[in-house]
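This is what each chain is made of:
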Amino acid sequence: MSRLISRRALLATVAAPVALGLPSTALAESRWLKAESRSFALFGNEGEKTLREMARDLEDFDGLLRTLHGMGDAPPVRRLPIYLAPTRADFKRVRPGDQNISGFFSAGVGEVFAVLTAGNDSDVALRVMFHEYAHHFMMQHAPAAYPSWLVEGYAEYMMTARFKSDVVEVGVTNPRIGWLRGQIWSPFETILGRRALTGERADISAFYAQAWILTHYMMSDPERLKRLAAYARSVAAGGDPVALFPEASGIPFADLEKTLKRYMVALPGKRMPRPPSSALNLTFTALPPSTDALILENQRLKMGVPTADRPALLALIRERAARFPGDRFAELTLARAENDFGDRAKAQTLLRGRIAADPADVEALQILGWSCMLQARAVPAQAARWLEEARDHLAAAFKLDPDNPLVLYDYAMTRRGEPSYPSDNILNVLLKAQAIAPQVAAFRLGAVDGLVRRDRFEEAAVLLQPLLNDPHAPPERVKAWRKQFDDIMARRKPAASSGAGDKDAVDG
């Protein structure tokens, strides 16, 4: 898969953008703040109180997951950015085609981040965030080829967490219980073997509701939980998620629905004391006036924009950026748009100007490095020169931010056409990018490709395996990953010393 395609894939089916005019009063002074906690960076214009409350809920949810899984509380390498769209109209500035959702999580090459709606449906949005963060947490700390029903059932289970003043509740209730009480259930042989987002809307509703109650049941008892963990390991190793389940649950399929309906009457949830908040010490930063006009469009650019939508979005960004001459954020947003589907020379002029003003501007260095990579593709006769310049900018960015996975990945990609690719150093760079952001398929696939090229098939298979049951990936992509996995397994041999050194730095 090409790098350019991977950056656009998440929005491949989005409808034409809605041109949203901003009131002139909104441009006079930005109300947007950035609030940084231990694990999160929140962006919003709802005021310090709202951001502080959300930061506490998110940090405590992260702490809850760590407690339930017996993990330590070491801080993450990078904070997870979360953007609060003030209204549903603002939300559509990021996802124009989505009419009925309150939030989403994007694990793309451009950035791993979430967007939530604020305002009247903020509770719904927070539940969405808990669901998606459970996926994020699972992929970060325990990636494996879990069955799709368990991936979604676990996220549905954890999204029920409610943080009260002194108590945390998990699994006490779920809106899906109404579906379970009023609809005809699908056979569990179907639920256990299917993917999350396939079939008609009724099929999808059945999948999520029944996956939730089944996960709730299996996690509510210590012995069942042990059997569930063993079942998940067996499926991840290639076992049949349907055939293995009766033994794991101790219930034949003929009795499973009846058992769960009885269990649902009592629905024993978990209640535990709420620990002291881990988000008391927040750092607040006032963002520039250009934020109101462009922050959500900037996030849309990071996910990729369908070809048909680009002219209107580029015109909108050009018009808004022109209102803020000399503003760093406005210029970087404009440069990102011009670079990917506008005037690349103009983008490079803007980026060189930003770097001249501040040589430590990591974002400007990264975008300029990517721009040079695009130019190398566009003009093959001059590719060597453009790739060399790209490496210069990306190496400078690495020295300033050595844990930036996009900088690491881009740098490795500038070496991909070389006969010795990947060297020990470049393979370590790919592995480090994947380790920092394992949710990003492109980073994982880049590391898999590097390992295969070095005949490290066992390690490559382990890294590729979590993608095989991805409940959200298109079926044709999963089919391709499975073929790739089978090819790797066919080529594997007993592990041998890789010869790779400990070096994980980008060559200057």
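Model, not experiment: these values are computed from the prediction.

A. Main features of the overall build of the protein chain. The helix and strand tally for the protein chain stands at 23 helices and nine strands. By sequence separation, contacts in the protein chain at least 24 residues apart represent 71% of the contacts at least 6 residues apart. Accessible surface computed for the protein chain: about 22200 Å², of which carbon and sulfur atoms make up 54%.

B. Region of the structure containing the confidence of the model for the protein chain. The pLDDT averaged across the protein chain works out to 87; a share of 88% of its residues lies at or above 70. Segment residues 1-28: pLDDT under 50, and 73 contacts once partners within four positions in sequence are set aside and those in other chains are kept. In the model, residues 495-503 has pLDDT below 50 throughout and makes eleven contacts with residues more than four positions away in sequence or in other chains.

C. Quick peek at the pattern of salt bridges. Tallied over the full model, the rule gives 38 salt bridges. Ionic pairing is found between R354 and E331, a salt bridge with its closest N-O pair at 3.2 Å. On the criterion of sequence distance, the pair formed by R354 in helix 16 (residues 344-357) and E331 in helix 15 (residues 328-341) is long-range, its members being 23 residues apart. Several salt bridges converge on common partners, so that one network encompasses R56, D57, D60 and R274.

D. Structural view of the packing of helix 15 against helix 16. One can describe the packing of helix 15 onto helix 16 by two numbers: an axis separation of 8 Å at closest approach and a directional angle of 150°. Of the possible angle classes, the one that applies to helix 15 and helix 16 is roughly antiparallel. The handedness of the crossing between helix 15 and helix 16 is left-handed. Along its contact with helix 15, which presents R328, E331, L332, L334, A335, E338 and N339, the element helix 16 presents R344, K346, A347, L350, L351 and R354. Split into classes, the residues belonging to the contact of helix 15 with helix 16 amount to six nonpolar, one polar and six charged.

E. Up close: the sheet that holds strand 9 (residues 283-286). Overall, mixed pairing links the six strands, which are arranged 4-5-3-2-1-9 in an open sheet. Here the strands that pair on one side only, and so sit at the sheet edges, are strand 4 (103-107) and strand 9. The average angle at which neighbouring strand axes cross in this sheet is 20°, direction not considered. Sheet analysis places strand 1 (residues 33-36) next to strand 2 (residues 40-44), joined by four bridges and oriented antiparallel. Among the inter-strand pairings, E36 is bridged to a residue of strand 2, identified as A41. Its contacts with the sheet place helix 3 (residues 48-68) against strand 1, strand 2, strand 3 (80-85), strand 5 (112-117) and strand 9, and it is angled at close to 150° to strand 2. Along the sheet face, helix 13 (residues 290-303) touches strand 2, strand 3, strand 4 and strand 5 and points at about 130° away from the line of strand 3.

F. Structural context of helix 6 (residues 148-158). Burial analysis of helix 6 places eleven of its eleven residues in the buried class, the great majority of the element. Residues S148, W149, L150, V151, E152, G153, Y154, A155, E156, Y157 and M158 constitute the buried set of helix 6.

G. Structural detail: the sheet that holds strand 6 (residues 162-163). Taken together, the three strands give an open sheet; going across it, the order is 6-7-8, and neighbouring strands pair in antiparallel fashion. Either end of the sheet is taken by a strand with one partner, and the two such strands are strand 6 and strand 8 (270-273). Relative to strand 8, strand 7 (residues 167-170) is paired through four bridges, and the arrangement is antiparallel. Opposite V167, over in strand 8, you have P273 as the bridge partner.

Rules behind the numbers
Residues numbered from 1 in each chain as written. Predicted model: local features only at pLDDT ≥ 70, side-chain atom pairs only at ≥ 80, totals over all residues. Heavy atoms only, no water. Helix = DSSP H or I, 4+ residues; strand = E, 2+ residues; numbered from the N terminus. Contact = heavy atoms within 4.5 Å. Areas by Shrake-Rupley, 256 points an atom, 1.4 Å probe, with all protein chains shown as cover. pLDDT = per-residue confidence, 0-100. Salt bridge = Lys/Arg side-chain N within 4 Å of Asp/Glu carboxyl O. Axes fitted to C-alpha atoms, helices over the stretch in contact; angles between N-to-C directions. Parallel < 35°, antiparallel > 145°, perpendicular 65-115°, else oblique. Left-handed = near helix turned anticlockwise from the far one by under 90°. Nonpolar A, V, L, I, M, F, W, Y, C, P; charged D, E, K, R; others polar. Pairing = 2+ DSSP bridges. Buried < 20%, exposed > 50% of the residue type's maximum accessible area, 1.4 Å probe, protein only.

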